[in-house]
Amino acid sequence: MSLDKKFEDLFLNVSIKAALSSYHFVGKKDKIAADKSAVDAMRNKLNEIEMRGKVVIGEGELDEAPMLYIGETLGTMSGPELDIAVDPLEGTNFAANNLPGALSVIAVAEKSDLFSAPETYMNKISANVPSEGIIDLDYSVKKNISNLADYKNKQPNELSACILDRPRHKKIIEELRNLKVNLKLISDGDVSGALLVSDKKYNIDIFMGIGGGPEGVLAASALDAFDCFFQGRFIFDNENDINRAKKMGIDDLNKKYLLNEIITGDSIFCATGITNGDIVSGIKIEENNYISETLITHKSTNLKKIIKSKNEIDE
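Reading guide: rules and limits
Residues numbered from 1 in each chain as written. Predicted model: local features only at pLDDT ≥ 70, side-chain atom pairs only at ≥ 80, totals over all residues. Heavy atoms only, no water. Buried < 20%, exposed > 50% of the residue type's maximum accessible area, 1.4 Å probe, protein only. Helix = DSSP H or I, 4+ residues; strand = E, 2+ residues; numbered from the N terminus. Pairing = 2+ DSSP bridges. 1 Å grid on protein atoms, 1.4 Å probe; cavity = no way out; pocket = protein on both sides within 12 Å on 5 of 7 lines; lining within 4 Å. Points joined across faces, edges and corners; volume = space filled by probe spheres on them. Nonpolar A, V, L, I, M, F, W, Y, C, P; charged D, E, K, R; others polar. Polar contact = N/O pair within 3.5 Å; in protein donor to acceptor, adjacent residues only side chain to side chain. Contact = heavy atoms within 4.5 Å.

Quick look at the pairing of strand S13 (residues 289–298)
Line of reasoning, step 1. With respect to burial, S13 is a largely interior element, nine of its 10 residues being buried.
Line of reasoning, step 2. When strand S11 (residues 267–273) meets S13, the two strands line up antiparallel, connected through five bridges. Its bridge partner lying in S13, threonine 272 is registered against threonine 294.
Line of reasoning, step 3. In sequence, strand S12 (residues 284–286) turns back onto S13 through a hairpin of two residues, with glutamate 287 there showing a positive phi of about 55°.
Line of reasoning, step 4. The sheet contact formed by S13 and strand S14 (residues 303–312) spans 10 bridges and is antiparallel. Paired with serine 292 across the bridge in S14 is serine 309.
Line of reasoning, step 5. Following S13, the chain reverses through four residues before pairing antiparallel with S14; asparagine 302 in that reversal takes a positive phi of roughly 60°.

Structure, rendered in structure tokens:
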């Protein structure tokens, strides 16, 4: 089944209001306050929507920040049952330090169509390729790059890869450099990092590495609308994570998830810029108005565009 088109504007408004609220803390060196403001605004707007919503992807546990927690119910408790994934402030450090790339992100699907993921890490890979067998988490870096180069009719030195700049990725980064692949190293924000493969204008051919599991699910929602390939494997490396995963119904702890196993039906995705980034511009204030940019996708209506909005601040 498909989500009603009316939800596009409703969830667009949710991400915009969360972004605006967090924007007031940009550069204030307080990532907890910036996150809390986004969380509170997002919760308030979600509770106005005629739905029986449930958070299946929450935020906050790793940052010890205020949360929209997994299992929280939202909406008027009338209307359709919806699964909700949120990252009210992706890039808490970006917002706190007035750096590029802070976003407010939400994805929504019908009940049971959105994978419920624990707050743990995920090994992931994505590219704008149509099918399995070209790239894969179980392939070596060299094989992934070789296959991708063949598919795109390019040389490895003509490819660009995006990866989080982390010590855990040292070996992968070295291998990519040895293959002469162009690198875009990001310090945070792996929802937007994964989305860079969605359009040729970003000049990123592949996204890979270990990042947040919830962020992987959020990115998958948007990548689904762009018909991109995405694969993820959660990392459960302690008893607490293993027990939480089992409680959430995850039995095969080493399973590779394809995109259509993470997003099993129609979904709407919104990512509104708080500070300027690669995909969308941040909030701008002009007198009593604010201007926002949001990437919104809705698979069933083939919506995938950046929407620029201008609204009154006290609206």
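Next, the rest of the story.
What about empty space enclosed by the protein?
Line of reasoning, step 1. Across all of its chains, the model carries one cavity of 30 Å³ or more by this definition.
Line of reasoning, step 2. Reported here for the largest cavity is a volume of approximately 30 Å³.
Line of reasoning, step 3. Lining the largest cavity we find Leu103, Ser192, Leu195, Ala271, Ile279, Val280 and Leu295.
Line of reasoning, step 4. Looking at the lining of the largest cavity residue by residue, the class counts come to six nonpolar, one polar and no charged.

Structural notes on the side chain of serine 160
Line of reasoning, step 1. With respect to the secondary-structure elements, serine 160 resides in strand S6 (residues 160–164).
Line of reasoning, step 2. Of the polar contacts made by the side chain of serine 160, one reaches the backbone oxygen of asparagine 203; its length is 3.5 Å.
Line of reasoning, step 3. Serine 160 has contacts with Val181, Asn182, Asn203, Ile204, Asp205 and Ile206, leaving out every residue within four places of it along the chain.

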